[in-house]
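# Observations on chain architecture
As a plain string of letters, each chain reads:
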Amino acid sequence: MDLGLQMRRPATRSLKIRKPLALALLTALITLAIFVTVASPGTAFALHRVDPHRRHRILRSYHLRRHRGVLWNPMFRPTRDSLLRQNEEIDRLDLPRIQDDDQLEELKASGALVPIEASESLKIEPSLDPSRRFCRPWTRDFVQDLSEVYYRQFHAQIQVNSAVRTVKVQKKLRRRNRNAAPVDGDTASSHLAGITVDLQRRGMTNEQIRFVEHYLFYLNALGLVEPEEERRHWCFHVMVSDRYDDWRQTQTIFPRPPGEEPATEPGTVTAAATAVSASN
C-alpha cells in the first residue's frame with residue numbers, strides 16, 4: 001500500500017505542474033488569434049474597405065424601411081399600364097412630344113402652353129427653370145383647383161416640382177435617373193406633351209397625403225386624371241385629360257362659410273364633389 005501511494009504522488013505533482021502551463025498556453029493562443037484577427041486587413045471586418053455606392057444603398061434601404069410604414073403606402077403605384085394610358089391620352093389628343101426649346105417657345109407663343117403662376121395656395125420649386133413652368137390650360141386649371149382646396153383644408157401650399165419638358169431635357173434626366181420614363185415609345189414621359197405636373201409629396205403629413213390621394217382617386221375614377229406616386233422623388237405625378245375642363249364647367253362651387261373649421265376627414269371635400277356630380 002505504501003508503495004502504491006509513493007508511485008501515485010509524483011504523477012499528481014506532475015498534473016499540478018502541467019495544468020497551469022496548459023492554461024497559460026491556451027490563453028496565449030487565444031490572445032494571439034484575437035490580435036491576428038484585428039490586425040489583419042484581409043480578415044478584419046472593422047478594417048474592410050466599404051464601397052461608397054454599397055454604403056449609399058444600405059443607408060437608402062434603411063431609410064426606406066424606416067419610413068415605409070409612415071410615408072410609403074401609396075394609393076397610386078407607378079406601373080407600365082399607367083404609362084400606356086398616359087400615352088394613349090396624348091395620342092387621342094394628337095399632341096406633339098415637344099422636341100426642343102424652339103418648339104417649346106412656339107407652343108407658348110400660340111397659347112397652347114400657359115404659365116403656372118405662384119399664388120397664396122401654390123408655390124413652385126425654385127430650381128425649376130422658368131422656361132419650363134408651363135403646361136396645357138386644363139392642367140393649369142387642375143393645379144389651381146387642387147391647390148385652393150388643399151389650402152382651405154390645411155392652410156398650406158402645394159408645390160409644383162416639374163411641368164413641361166422637352167425631349168432634350170428628358171434625355172438628360174434619364175442619364176441621371178435610370179427610373180425616368182423614356183423619350184419615345186408607348187411608355188414615353190407624358191411631361192413631353194405638357195399635360196403633366198409633378199406635385200411635391202415629401203414633407204406632407206399622413207393626413208395631407210391621404211387628402212390628395214382621395215382627391216385624385218375621385219378624378220381618376222371619372223377618367224380625368226392618371227396619377228402616380230413616385231418613390232424616388234416623393235411626388236405626385238399627375239397627367240390631366242382635357243376632359244377636366246368640360247367636367248369643371250358642370251360643377252357648382254360651394255364656398256365655405258367664414259370662420260368654418262377645416263374638415264377633419266381628408267375625403268370630405270371629394271365626397272361633396274361626388275354628390276354634386278351625381279346630381280348633374
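Just so it is clear, the structure is predicted and the values come from calculations on it, not from any experiment.

## Things to note about a nonpolar patch on the surface
On the surface, a cluster of nonpolar side chains totalling about 300 Å² of accessible area is made up of Leu23, Leu26 and Ile30. Secondary-structure assignment places Ile30 in helix H1 (residues 2-39).

## A short note on the sheet that holds strand E2 (residues 122-124)
Strand order in the open sheet made by the five strands is E2-E4-E5-E7-E6, with mixed pairing throughout. Edge positions in the sheet fall to E2 and strand E6 (225-230), since each has one partner strand and no second. Across this sheet, the average inter-strand angle for adjacent strands is 30°, counted without regard to direction. As judged from the five bridges shared by strand E5 (residues 196-200) and strand E7 (residues 235-240), these two strands associate in the antiparallel manner. From the neighbouring strand, Asp198 faces E7, where its bridge partner is His237.

## Some details on the pattern of salt bridges
Evaluated as defined, the whole model comprises twelve salt bridges. With a closest N to O distance of 3.4 Å, Asp141 and Arg140 form a salt bridge. A relative accessible area of 12% means that Asp141 is categorised as buried. Overall, Arg140 belongs to the partly exposed group, its relative accessible area being 22%. With a closest N to O distance of 2.9 Å, Glu229 and Arg201 form a salt bridge. Taken together, the residues Glu229 in strand E6 and Arg201 in the loop between E5 and helix H7 (206-221) connect sequence positions 28 residues apart. For Glu229, a relative accessible area of 0% gives the class buried. Linked through salt bridges whose partners overlap, the residues forming this network are Glu89, Arg92, Asp242 and Arg243.

## What about the confidence of the model for the protein chain?
Averaged over all residues, the pLDDT of the protein chain is 77; the fraction at 70 or higher stands at 66%. Within the model, the stretch residues 64-71 combines pLDDT values under 50 with ten contacts to residues more than four positions away or in other chains.

## Notes on unusual backbone geometry
If you check the backbone angles, Asp94 has positive phi at about 55° while not being a glycine. Looking at the element boundaries, Asp94 is found in the loop between helix H3 (80-93) and helix H4 (101-110). The class for Asp94 is exposed, based on a relative accessible area of 68%. Unusually for a residue other than glycine, His155 sits at a positive phi of about 55°. Along the chain, His155 turns up in the loop between helix H5 (137-154) and strand E4 (158-162). Residue His155 is classed as exposed on the basis of its relative accessible area of 57%.

## Digging into the nonpolar core
In this structure, Phe142 and Leu219 are the most contacted members of the largest nonpolar core, which totals 39 residues. Every element with two or more residues in this core is listed here: H3, E2, H5, E4, E5, H7, E7 and helix H8 (243-249). Phe142 has contacts with Leu199, Tyr215, Leu216, Leu219, Val225, Val238, Val240 and Tyr244, leaving out every residue within four places of it along the chain. Counting residues in each nonpolar core, the second largest holds six residues, with Leu104, Leu107, Leu113 and Phe134 among its members.

## So, a positive patch on the surface
A cluster of basic residues, Lys168, Lys171, Lys172, Arg175 and Arg176, forms a positive patch at the surface. With respect to the helices and strands, Lys172 occurs in helix H6 (residues 167-176).

## What to know about H5
The end-to-end C-alpha separation of H5 is 26 Å, in line with the 26 Å expected for 18 residues at 1.5 Å each. For H5, the full list of buried residues reads Trp138, Thr139, Asp141, Phe142, Val143, Asp145, Leu146, Ser147, Val149, Tyr150, Gln153 and Phe154.

## Some remarks on the pairing of E7
With six of six residues buried, E7 lies mostly within the body of the structure. Side chains of E7 alternate between two faces, with Cys235, His237 and Met239 and Phe236, Val238 and Val240 buried alike. Direction of pairing for E6 relative to E7: antiparallel, over a ladder of six bridges. In the sheet register, Glu228 faces E7, and the bridge partner there is His237. The hairpin formed by E6 and E7 contains four residues between the paired strands, and Trp234 there has a positive phi angle of roughly 50°.

Here is what the cut-offs are and how they apply
Residues numbered from 1 in each chain as written. Predicted model: local features only at pLDDT ≥ 70, side-chain atom pairs only at ≥ 80, totals over all residues. Heavy atoms only, no water. Patch = residues over 30% accessible without salt bridge, like charges linked within 9 Å, V, L, I, M, F, W, Y side chains within 5 Å. Areas by Shrake-Rupley, 256 points an atom, 1.4 Å probe, with all protein chains shown as cover. Salt bridge = Lys/Arg side-chain N within 4 Å of Asp/Glu carboxyl O. Helix = DSSP H or I, 4+ residues; strand = E, 2+ residues; numbered from the N terminus. Pairing = 2+ DSSP bridges. Axes fitted to C-alpha atoms, helices over the stretch in contact; angles between N-to-C directions. Buried < 20%, exposed > 50% of the residue type's maximum accessible area, 1.4 Å probe, protein only. pLDDT = per-residue confidence, 0-100. Contact = heavy atoms within 4.5 Å. Core = buried A, V, L, I, M, F, W, Y, C linked by side-chain atoms within 4.5 Å. Lys, Arg positive; Asp, Glu negative; His and termini not counted. Charge placed at Lys NZ, Arg CZ, Asp CG, Glu CD. Expected span 1.5 Å × (residues − 1).

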